[in-house]
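# Overview (structure and organization)
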Number of protein chains: 2
Amino acid sequence: LSGALPVFVHPAYDPSWDLAYGMTPASVAEALAQHPETRAVLMVSPTYHGVCGEVGQIAALAHQHGIPLIVDEAHGAHFNFHSELPASALASGADLVVQSTHKLLAALTQSSMLHLQGSRVDAVRIAQLLQMLQSSSPSSLLLASLDAARHQMATQGQTLMERTLQLTHQARAQIQQTGLPILERPENPFEGFADLDPTRIVVDLSTFGLNGFTADVALTESGVTAELPTLRQLAFIVSLGTTPQDIETLVRELTHLVRGCKASAVQSVAKSLSLSPGTPPEIPSLSPREAFFAPHISVAIEQSVGLISAETACPYPPGIPLILPGEQITQAAISQLQRIKAQGGPIVGCADPDLKEILVVRSP
Amino acid sequence: LSGALPVFVHPAYDPSWDLAYGMTPASVAEALAQHPETRAVLMVSPTYHGVCGEVGQIAALAHQHGIPLIVDEAHGAHFNFHSELPASALASGADLVVQSTHKLLAALTQSSMLHLQGSRVDAVRIAQLLQMLQSSSPSSLLLASLDAARHQMATQGQTLMERTLQLTHQARAQIQQTGLPILERPENPFEGFADLDPTRIVVDLSTFGLNGFTADVALTESGVTAELPTLRQLAFIVSLGTTPQDIETLVRELTHLVRGCKASAVQSVAKSLSLSPGTPPEIPSLSPREAFFAPHISVAIEQSVGLISAETACPYPPGIPLILPGEQITQAAISQLQRIKAQGGPIVGCADPDLKEILVVRSP
């Protein structure tokens, strides 16, 4: 919407889990040095899998450059309410933080909060921009639910999160006995993995030769809803709404799932991390906005390699696009999208949901 | 958001009511001839006061130019369900129609519908654009309420609107006896006023020397909520939720309001219309988008005449901006805003809600 040109920074990548964690402070510092015209840093923390990056260090880097740090803390709305949880982005010095109050706290779906602190971001400007994007007839139900969620956490947050954490610890201990590897906070945190939200339980099914998407279907039929199925993992949320019975069902069904499956060597978090596979995306020649509005044509996906995409291709969940408008389409991105699609993962954003064709910018 | 440069077309203006009606087909044809590069026509019909323009004729003009007609039919979601109501924009040939289902039908607030017909607008493109603007976590409550409203009108729409129209006719007859002028469909419709939604009751208080904003406060205390107070008028909605008791209260309180006030000469809809007062706004040198993102400064409102606004100044309701980003600020616009503000009407969009200052584009 803004017309900004993105500079992508590589996340730390853990090959043993096939998971991307946070951007490392070193790679952010390098990007800022290479692109002194940068106007803001945007990071996701925690990730969908509960992994928190070095928000404080990255905030300091951004502030040294005189620019704000924006944190997508969609999955961290509960952090502020218990000392055992990771530090919140606001407490770590972020300037602008968006939280999905409906995901981790008790607000109704579609209710979220945008937090602002300090003076690096102009609050009046934010209000004007929100006026352009928000309904002029806001729902009192959604607004009241945000206020109720705020009140609940202000008055009972510590107690509720204490109970949630107890259930989490119980679940983790019991799941461990099934032999399923669980993502844990490393004993010595490394760059890109500063902390872990313990209430996010991520299990690796691949050691048992299982597929996350098909396992998710089976679990759903048994009354267990994973927050995020991927090819190799399932991520579960233990929240203030979780009951002891929920944990019992989760453990029973996971035990049932792996029964009869033979585990291969159990994996653990890598001690050192590599960068993501594949080369980092080039800085696009067109901004996402320019490419989206540029004249475009639809071409067969096999013939699109090397062309400039005019649209987004995004596995959802987790909602992290593999192709953005303005980006040169790579064989690696297409292969990964086709692999996810073949295994049952939905792809959103494209004109052709079957991914047989893709919109590309027409060469002049 | 799109970066488009607007070409404004004058509405028909009725000095006897001080009301703007629709754009006339003649003025649309003239604008299209002067600006052949136009990509779409956007019109509001009905207006907040229930006045419908010549949607069919304007659709035909747009289609002759090979471009779509978009209609803001926020206040016309009920039109399709009774023959006594004006023709709906879709039935009149519009390509894209937005309706506030929550305003006139029974959906929850914040629920609306975007209708598309024909092939002039690419449905896939619309879906991609909506993905950028809408929540990725839509509320089931809001969605279900849209479906419930749709079901209600599909199965009981005719009956409900028949009852609503009966209440409307009763209300109009009884209000007439108070001496308050009521906006009526002209016997011979003229350009810009093709039809009137009878369920929208607009009374002119100025003949009794009353002010709409202060009258609205008094009525609200008596349990009557006007949909739209303006300096001279009050507009009321009779909807499928209105009861005979509501009409009784409305008539009683309006009677009470004018008791003791002496009416001056009663006005009626003008037989011929002039264009709006003031010169039409020039085509801005900057698009609203360019002006909003341009370097800007805040200046005292008195010193802003002739400068290019970097923001919107909009009396709300009705939500029709008097100043848009990119527009040259006129003394007439400032005077009108200050007049509305002094009489109690809220102004939104500006960084300074007190309107002492306004953001203008910094001259290069």
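Right above here is the structure, for reference.
Rules and cut-offs
- Residues numbered from 1 in each chain as written.
- Chains lettered and ligands numbered in written order.
- Predicted model: local features only at pLDDT ≥ 70, side-chain atom pairs only at ≥ 80, totals over all residues.
- Heavy atoms only, no water.
- Helix = DSSP H or I, 4+ residues; strand = E, 2+ residues; numbered from the N terminus.
- Rg over C-alpha atoms; globule rule 2.2 N^0.38 Å.
- Buried < 20%, exposed > 50% of the residue type's maximum accessible area, 1.4 Å probe, protein only.
- Contact = heavy atoms within 4.5 Å.
- Areas by Shrake-Rupley, 256 points an atom, 1.4 Å probe, with all protein chains shown as cover.
- Least-squares fit on C-alpha atoms with pLDDT ≥ 70 in both.
- Axes fitted to C-alpha atoms, helices over the stretch in contact; angles between N-to-C directions.
- Parallel < 35°, antiparallel > 145°, perpendicular 65-115°, else oblique.
- Left-handed = near helix turned anticlockwise from the far one by under 90°.
- Nonpolar A, V, L, I, M, F, W, Y, C, P; charged D, E, K, R; others polar.
- Pairing = 2+ DSSP bridges.
- Salt bridge = Lys/Arg side-chain N within 4 Å of Asp/Glu carboxyl O.
- Buried area = accessible area lost by both parts, 1.4 Å probe.
- Polar contact = N/O pair within 3.5 Å; in protein donor to acceptor, adjacent residues only side chain to side chain.
- Phe/Tyr/Trp six-rings, centres within 6.5 Å; stacked < 30°, edge-to-face > 60°.
- Lys NZ or Arg CZ within 6 Å of the ring centre and 35° of its normal.
- Arc of directions from axis to C-beta.
- Expected span 1.5 Å × (residues − 1).
- Lys, Arg positive; Asp, Glu negative; His and termini not counted.
- Disulfide = S-S within 2.5 Å.

Attention now goes to the overall build of chain A. A tally of helices and strands in chain A yields nine helices and 16 strands. Taken over C-alpha atoms, the radius of gyration comes to 21 Å for chain A, in line with the 21 Å a tight globule of 364 residues would show. Counting only C-alpha atoms, chain A reaches 60 × 45 × 45 Å along its principal axes. Looking at chain A residue by residue over its 364 residues, the buried ones come to 48%. Taking contacts inside chain A between residues at least 6 apart in sequence as the whole, the part at least 24 apart equals 69%. Summed over its atoms, the accessible surface of chain A is roughly 17200 Å², and 55% of this surface lies on carbon and sulfur atoms.

What follows is about the relation of the copies chain B and chain A. Overlaying chain B on chain A yields an RMSD of 0.0 Å, the required transformation being a rotation through 180 degrees with an accompanying axial translation of 0.0 Å. In the structure described here, the two chain copies are related by an operation that fits a two-fold rotation axis. By residue overlap, the copies meet face to face through one surface: 100% of the interface positions of chain B are interface positions in chain A.

All names here are of chain B. At a minimum axis separation of 9 Å, helix H1 (residues 25-34) and helix H2 (residues 55-64) run at an interaxial angle of 15 degrees. Taken together, H1 and H2 sit at an angle that is classed as roughly parallel. H1 and H2 meet at a crossing whose hand is right-handed. In contact with Pro-25, Val-28, Ala-29 and Leu-32 of H1, H2 contributes Gln-57, Ile-58, Leu-61 and Ala-62. The residue inventory of the contact of H1 with H2, partitioned by class, reads seven nonpolar, one polar and no charged.

Both faces of the sheet carry side chains from a regular strand, because those side chains alternate between them. Residue and element names in this part refer to chain B. Taken across its five residues, strand S2 (residues 19-23) has four buried, putting it largely inside the fold. The pairing of strand S1 (residues 11-14) with S2 spans three bridges and is classified as antiparallel. Note that in S2 the partner of Asp-14 across the bridge is Leu-19. Between S1 and S2, which follow one another and run antiparallel, lie four residues, and Asp-18 among them has a positive phi close to 55 degrees.

Moving on, we come to the pattern of salt bridges. Residues and elements named next belong to chain A. This model, assessed by the stated rule, comprises twelve salt bridges over all chains. A salt bridge links Arg-120 to Asp-95, with the nearest nitrogen and oxygen atoms 3.0 Å apart. Pair noted here: Arg-120 is in the loop between strand S7 (113-116) and helix H4 (123-133) and Asp-95 is in the loop between strand S5 (69-72) and strand S6 (96-99), with a separation of 25 residues, a long-range link.

Residues and elements named next belong to chain A. Ordered by their spatial adjacency, four strands build an open sheet running S3-S5-S6-S7, and the pairing between neighbours is mixed. Strands at the two margins of the open sheet, each flanked by one partner only, are strand S3 (41-44) and S7. Here the average twist between neighbouring strands, direction ignored, is 15 degrees. For S6 and S7, the ladder comprises four bridges, and the chain directions are antiparallel. Looking across to S7, one finds that Leu-96 is bridged to Leu-116. Against the sheet, helix H2 (residues 55-64) touches S3 and S5, its axis set at about 150 degrees to S5.

With that settled, the discussion passes to the interface of chain B and chain A. When the parts of a complex come together, some accessible area is lost, and that lost area is often taken as the interface size. Between chain B and chain A, the contact holds 33 residues from the first and 33 residues from the second. Where chain B abuts chain A, roughly 2700 Å² becomes buried across the two surfaces, and 56% of that area is made up of carbon and sulfur atoms. Among the residues chain B hides against chain A, the three largest losses belong to Gln-110, Arg-125 and Phe-292 of chain B. Together they make up 22% of the total. One can count 18 residue pairs in polar contact (both at pLDDT 80 or more) joining chain B with chain A.

Next up on the list: the packing of aromatic side chains. Per the stated rule, a full pass over the model turns up six aromatic pairs over all chains. Site record: aromatic cluster; members linked through ring pairs are Tyr-21, Phe-190 and Phe-193 of chain A. Over the ring of Phe-292 of chain B we find Arg-125 of chain A, and its NZ or CZ is 3.8 Å from the ring centre.

Before going further, it helps to spend a moment on the pairing of S6 of chain A. Looking at chain direction, S5 of chain A and S6 of chain A are connected through three bridges and run parallel. In the strand pairing of S6 of chain A, Ile-70 of chain A is matched with Leu-96 of chain A.

So, about helix H6 (residues 212-221) of chain A. Residues and elements named next belong to chain A. Where H6 is concerned, the buried positions are Gly-212, Phe-213, Ala-215, Asp-216 and Leu-219. With its buried residues spanning 155 degrees around the axis, H6 presents them on a single face. Residues of H6 that are exposed and point more than 90 degrees away from the buried face comprise Thr-214 and Glu-221. Measuring from the side-chain oxygen of the N-cap residue of H6 to the backbone nitrogen of Phe-213 gives 2.6 Å; that N-cap residue is Asn-211. Once H6 ends, the next one or two residues include Gly-223, with phi positive near 90 degrees.

Next up on the list: helix H9 (residues 331-342) of chain B. Residue and element names in this part refer to chain B. End to end, H9 covers 16 Å across twelve residues, agreeing with the expected 16 Å (1.5 Å per residue, within 8%). What H9 keeps buried is the set Ala-333, Ile-334, Leu-337 and Ile-340. The buried residues of H9 occupy an angular sector of 130 degrees when the element is viewed end-on, so they sit on one face. Set apart from the buried face of H9 by more than 90 degrees, the exposed residues are Ala-332 and Ala-342. On the buried face of H9, the contacting elements are helix H6 (212-221), strand S14 (314-315) and strand S15 (347-348). Positioned one or two residues after H9, Gly-344 has a phi angle of 105 degrees, which is positive.

A few words on the side chain of Asp-352 of chain A. Residue and element names in this part refer to chain A. Its location among the elements puts Asp-352 in the loop between strand S15 (347-348) and strand S16 (357-361). Of the side chains with opposite charge, Lys-356 lies nearest to the buried Asp-352, which makes no salt bridge, at 6.3 Å. At 2.9 Å, the side chain of Asp-352 and the backbone nitrogen of Lys-356 are in polar contact.

As a further point, take the state of the cysteines. Residues and elements named next belong to chain B. One pass over the full model with this rule turns up zero disulfides over all chains. Cys-314 supplies the cysteine sulfur nearest to Cys-350, a cysteine that is in no disulfide, at a spacing of 8.7 Å. Residue Cys-350 is classed as buried on the basis of its relative accessible area of 12%.

Geometric descriptors of this kind do not, in isolation, establish any biological role.
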